[in-house]
Amino acid sequence: MPVIAWAAAAACLSGAATLLLTPAMIKAAHAFDWLDYPQADRWHATPTALMGGVAMYGAGALALLLLGPLAGVGTDVGLIGGGATLLFAVGMVDDLWGVGPTTKLAAQVGAAVLLMAAGHVFGPEWPLWASAPVTLVWVIGITNAVNLLDNMDGLAAGIGGIAAVALTAFAAAGGALLAALLGGTVGGAALGFLWFNAKPARIFMGDCGSLVLGYGVAALAVMGQGAVAAGPGVAVLAPICALAVPILDTTLVTVARTQAGRPVTNGGQDHTSHRLVTLGLSESAAVVTLHGMSAVAGGVGLTALVVEPTLFYAACAFGTVALGVIGGSLGRLDVYRTTRVGGDGAPSVSMGPSSNAQAGQGRWQTVEAYLVGDSLLIGGALAATHALVGSGGLAGGEGVPIVEGGVLVGAIQLAVLYAMGLYRRLWRHAGTPGIARIVGTILLAQAAAAGGLALVYGLGAVSAPLLMVDGVILTLGVLGSRLGRRGLQRGASFYRSRVAPAESTSNVLLYGTGERAMLALRALRDAEETDRVPVGFVDPDPSKQDQIVQGLPVFGGPGACADLCREHDVDEVIVAVGDAAADREQEVARQCAEAGVACRSFDVQMKPLGAGREDPTHGEPMHGPPA
């Protein structure tokens with residue numbers, strides 16, 4: 001029977017068994033008071049059944065015991081199953097009575113040793129002195145990462161199941177029967193449990209489930225590396241891609257807690273999922289977003305099976321930068337000052353950039369992050385260009401060594417980016433001038449790279465098509481890295497205003513489309529609070545009506561202000577036209593009163609500061625220097 005058929009059989013059997021066993025565990029949990037009650041560092045707001053991991057473990061064990069001997073891998077399954085059993089036992093004790101972190105760590109070390117005893121190590125072609133410690137760190141890290149992801153309904157089960165599917169496909173492509181059988185078992189159990197664990201969750205898997213699930217996908221990633229013959233590092237990178245979301249979450253939590261001076265081992269509502277909710281998404285949307293990210297990351301890993309290695313390396317480089325942008329953006333949100341309310345326990349307000357994070361991230365740390373990111377982008381662009389255009393050498397077969405030429409071109413490009421000041425400014429508010437600056441800088445960098453190639457290797461080494469394609473790819477990458485945070489904020493703002501507006505959200509209509517209105521729009525979008533959501537503009541200039549400005553429509557003239565407020569459920573109108581149109585403010589205020597909505601004026605003031613004297617112009621706009 002084909003390997004993929006064994007994987008499908010294992011998935012169906014473990015999934016069906018999980019669907020049958022989980023309802024029984026729900027009843028047993030309520031009967032024996034195995035319930036997870038709401039706590040300050042937990043997300044749920046109602047007592048929920050625990051011990052779902054018993055159903056998952058039982059279903060997986062049943063599938064392996066039945067199918068393992070039939071597939072002829074019963075002995076090999078025993079050692080890996082022993083590691084899972086060890087973690088299941090420790091997790092169950094922890095769920096019922098609690099155990100210390102040292103005991104958990106010892107169990108994870110034991111499970112990793114059993115995996116290595118079965119002949120599976122991280123980097124199978126590496127020397128044992130290198131692969132053994134990496135395997136140990138990998139198993140412990142991923143096991144805990146999946147355990148930490150079990151913080152929202154359906155999150156860990158969904159991501160674990162998606163990762164298992166991707167890793168199983170990778171192993172099956174290489175004919176690894178044992179890995180495919182184990183992967184089908186893990187994926188079926190996780191996705192079967194998701195039926196009961198999705199919001200609103202009827203049962204949690206607990207540590208007896210999350211530790212086993214984490215160990216299962218960690219072992220799968222290790223076992224699949226020796227299955228596929230690919231380029232250097234491909235077999236190692238591809239399984240890592242499938243677990244990118246757990247790695248991102250653990251890294252983000254570790255860095256954020258360290259910068260905030262909080263113990264890394266303590267629980268809290270500072271995970272990636274919590275930060276997405278703080279940004280404005282609902283709990284379900286945050287979980288679905290992370291599921292989607294996991295599916296995309298797993299898909300990138302599977303591209304290693306169908307594309308040449310250089311193109312896969314490029315995809316990994318761009319994906320790493322994308323995850324860095326997402327993690328950096330979410331890491332600036334201060335989730336340590338939020339308060340819990342009823343319902344699903346989501347924060348009542350969305351907080352702005354963390355003062356702790358800002359204090360721990362000085363200018364040079366920001367520059368270093370950009371340098372690392374741009375180095376990955378430059379390397380990824382060169383790799384993708386070589387795969388798409390190159391033919392034997394960096395410059396189209398003109399005798400330029402790939403590695404040496406790539407290092408030369410990359411160093412020149414990075415130097416030009418630095419010299420042109422792409423690291424001297426914040427890109428949080430970058431607009432058209434910033435985009436033009438990036439495009440111009442990349443053009444200059446490509447010209448400098450062509451000059452460097454000609455100087456070192458001769459004029460024949462310069463390949464115009466290669467440099468053009470490389471420039472386009474690099475430009476898109478740099479633009480994405482600089483504008484990614486702004487795009488994330490805009491996406492969250494669009495979701496809040498159009499997809500799932502909260503009860504406390506106020507729809508805001510802006511009067512005016514000039515510079516002052518743009519400042520007001522920026523202030524609304526970047527404010528720490530999220531209870532004001534801009535929905536559009538009103539402008540007296542007919543030429544601007546029915547246009548799109550900064551992603552928002554210009555609805556019409558001021559005469560229709562009252563009707564627009566009713567039509568678009570506007571709660572507040574903000575007038576941002578300046579002193580030259582003071583008469584219009586009164587008319588807009590009258591229409592707002594007619595429609596029953598609030599009306600405010602937006603102004604930017606400069607006030608003189610004096611020591612020991614009163615300011616006669618306090619509260620008034622500054623039209624000139626103080627006397």
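Student: What is the right way to look at the overall build of the protein chain in this model?
Tutor: Tallying secondary structure elements over the protein chain gives 21 helices and 8 strands in all. Out of the 627 residues in the protein chain, the part that is buried amounts to 49%. Counting only contacts in the protein chain whose residues sit at least 6 apart along the sequence, the fraction spanning at least 24 positions is 74%. In the structure as shown, the protein chain presents an accessible area of about 27500 Å², 64% of it carried by carbon and sulfur atoms.

Student: Sorry, what's going on with the pairing of strand 3 (residues 506–511) here?
Tutor: Working note: regular strand, side chains alternate between the two faces of the sheet. Most of strand 3 sits out of view: 5 of its 6 residues are buried. With 6 bridges connecting them, strand 3 and strand 4 (residues 532–538) associate as parallel partners. Pairing of Val508 across the sheet is with Pro534, part of strand 4. Strand direction decides the pairing type here: strand 3 and strand 7 (residues 572–575), joined by 4 bridges, are parallel. Residue Leu510 lies in a different strand from strand 7, and its bridge partner there is Ile574.

Student: Would you mind going over the confidence of the model for the protein chain with me for this structure?
Tutor: Note that predicted coordinates carrying low pLDDT should not be read in detail. Per-chain confidence: the protein chain averages 82 in pLDDT, with 82% of residues scoring 70 or above. Low pLDDT, under 50, characterises residues 338–364; the stretch is placed with 65 contacts to residues that sit more than four places away or in other chains.

Student: What should I look at first to understand the environment of Leu86 in this one?
Tutor: For Leu86, the position within the fold is in helix 3 (residues 74–96). In this structure the C-alpha to C-alpha distance between Leu86 and Gly110, which are 24 residues apart in sequence, comes to 7.9 Å. If we ignore the near neighbours within four places in the chain, the residues touching Leu86 are Ala107, Gly110 and Ala111.

Student: Any chance you could explain the pattern of salt bridges here in plain terms?
Tutor: When their charged atoms lie close together, side chains carrying opposite charge are able to pair. Considering all chains together, one arrives at 8 salt bridges under this definition. Residues Lys104 and Asp94 are paired through a salt bridge, measuring 3.0 Å at the closest nitrogen-oxygen approach. Note that Lys104 is positioned in helix 4 (residues 101–117) and Asp94 in helix 3, a separation of 10 residues in sequence. For Asp94, a relative accessible area of 16% corresponds to the buried category. Between Asp374 and Arg482 there is a salt bridge, with the nearest N and O atoms lying 2.8 Å from each other. Note that Asp374 is positioned in helix 15 (residues 363–388) and Arg482 in helix 18 (residues 464–499), a separation of 108 residues in sequence. The residues Asp374 and Arg482 share a single accessibility class, namely buried. Sharing partners across several salt bridges, the network here consists of Asp94, Lys104 and Asp207.

Student: How do you make sense of the nonpolar core when you look at a structure like this?
Tutor: Residues Trp138 and Val217 are the most contacted members of the largest nonpolar core, which totals 86 residues. Examining the composition of this core, we find that 12 residues originate from one element, helix 8 (residues 207–223), more than from any other. For Trp138, the residues in contact, after removing those within four places along its chain, are Phe122, Ala218, Ala221, Val222, Ile240, Leu243 and Ile247. In terms of nonpolar packing, the next biggest core, distinct from the first, is built from 23 residues, Ile378, Leu417, Ile438 and Leu479 among them.

Student: Even after reading the chapter, I still don't get the packing of helix 5 (residues 128–149) against helix 8, so can you show me in this structure?
Tutor: Packed helix pairs are characterised by how far apart their axes lie and by the angle those axes make with each other. For the pair helix 5 and helix 8, the least separation of the axes is 8 Å and the interaxial angle reads 135°. Here helix 8 runs oblique to helix 5, going by the angle between their axes. Here helix 5 runs over helix 8; the crossing is right-handed. When helix 5 is examined against helix 8, the residues Trp138, Val139, Ile142, Thr143, Val146 and Asn147 are found in contact with a partner set consisting of Asp207, Ser210, Leu211, Leu213, Gly214, Tyr215, Val217, Ala218, Ala221 and Val222. Class assignment of the residues belonging to the contact of helix 5 with helix 8 gives a composition of 11 nonpolar, 4 polar and 1 charged.

Student: Looking at this model, I keep getting lost on helix 9 (residues 234–242). Mind explaining?
Tutor: A turn of α-helix holds 3.6 residues, and therefore any two residues three or four places apart point the same way. The buried fraction of helix 9 is high, at 7 of 9 residues. Listing the buried residues of helix 9 in full gives Val234, Ala235, Val236, Ala238, Pro239, Cys241 and Ala242.

Student: Looking at this structure, how should I read the state of the cysteines?
Tutor: Two cysteines whose sulfur atoms are joined by a covalent bond form what is called a disulfide. According to the stated counting rule, one finds 0 disulfides in the structure shown. Just so you know, Cys241 is unpaired, no disulfide at all, and the nearest cysteine sulfur is the one on Cys316, 3.8 Å from it. Here Cys592 is not cross-linked by a disulfide; its sulfur's nearest cysteine counterpart is in Cys599, at 3.9 Å. With a relative accessible area of 0%, Cys592 lands in the buried category.

Student: Looking at this structure, how should I read the packing of aromatic side chains?
Tutor: The description of an aromatic ring pair rests on the distance of the ring centres and on the angle between the ring planes. Tallying each qualifying case throughout the model produces 5 aromatic pairs. Put simply, the rings of Phe122, Trp126 and Trp138 touch in pairs and so form one group of aromatic residues.

Student: I'm lost on helix 6 (residues 155–173) in this one. Help?
Tutor: Its 19 residues give helix 6 an end-to-end C-alpha distance of 27 Å, which sits within 8% of 27 Å, the value for a rise of 1.5 Å per residue. Positive phi appears at Gly175, one or two residues downstream of helix 6, with a value of about 75°.

Student: I tried to follow the side chain of Asp470 on my own but got confused; where do I start?
Tutor: Considering the arrangement of structural elements, one finds Asp470 in helix 18. Arg482 provides the closest opposite charge to the buried, unpaired Asp470, separated from it by 15 Å. Those residues within four positions of Asp470 in sequence are excluded, and the remaining contacts are Ala381, Leu382, Thr385, Gln413 and Gln446.

Student: Please clarify how the environment of Gly68 should be interpreted in this entry.
Tutor: Turning to its location among the elements, Gly68 is positioned in helix 2 (residues 52–71). Taking relative accessible area as the criterion, Gly68 reaches 0% and is therefore assigned buried. Separated by 109 residues in the primary sequence, Gly68 and Leu177 place their C-alpha atoms 9.9 Å from one another.

Student: Explanation requested: the side chain of Thr135 in the structure shown.
Tutor: Residue placement: Thr135 occurs in helix 5. Look at Thr135 and you get buried, because its relative accessible area is 0%. The residues contacting Thr135, other than those within four sequence positions of it, are Met116, His120, Val121 and Phe122.

Student: Can you walk me through unusual backbone geometry in this structure?
Tutor: The phi torsion of most residues other than glycine is negative, and most of the peptide bonds are trans. With an omega of -5°, the peptide bond between Lys199 and Pro200 qualifies as cis. Inspection of the secondary structure assignment puts Pro200 in the loop between helix 7 (177–197) and helix 8. A positive phi is found at Asp33, a non-glycine position, where the angle reads about 60°. For Asp33, a relative accessible area of 44% corresponds to the partly exposed category.

What counts and how
Residues numbered from 1 in each chain as written. Predicted model: local features only at pLDDT ≥ 70, side-chain atom pairs only at ≥ 80, totals over all residues. Heavy atoms only, no water. Helix = DSSP H or I, 4+ residues; strand = E, 2+ residues; numbered from the N terminus. Buried < 20%, exposed > 50% of the residue type's maximum accessible area, 1.4 Å probe, protein only. Contact = heavy atoms within 4.5 Å. Areas by Shrake-Rupley, 256 points an atom, 1.4 Å probe, with all protein chains shown as cover. Pairing = 2+ DSSP bridges. pLDDT = per-residue confidence, 0-100. Salt bridge = Lys/Arg side-chain N within 4 Å of Asp/Glu carboxyl O. Core = buried A, V, L, I, M, F, W, Y, C linked by side-chain atoms within 4.5 Å. Axes fitted to C-alpha atoms, helices over the stretch in contact; angles between N-to-C directions. Parallel < 35°, antiparallel > 145°, perpendicular 65-115°, else oblique. Left-handed = near helix turned anticlockwise from the far one by under 90°. Nonpolar A, V, L, I, M, F, W, Y, C, P; charged D, E, K, R; others polar. Disulfide = S-S within 2.5 Å. Phe/Tyr/Trp six-rings, centres within 6.5 Å; stacked < 30°, edge-to-face > 60°. Expected span 1.5 Å × (residues − 1). Lys, Arg positive; Asp, Glu negative; His and termini not counted.

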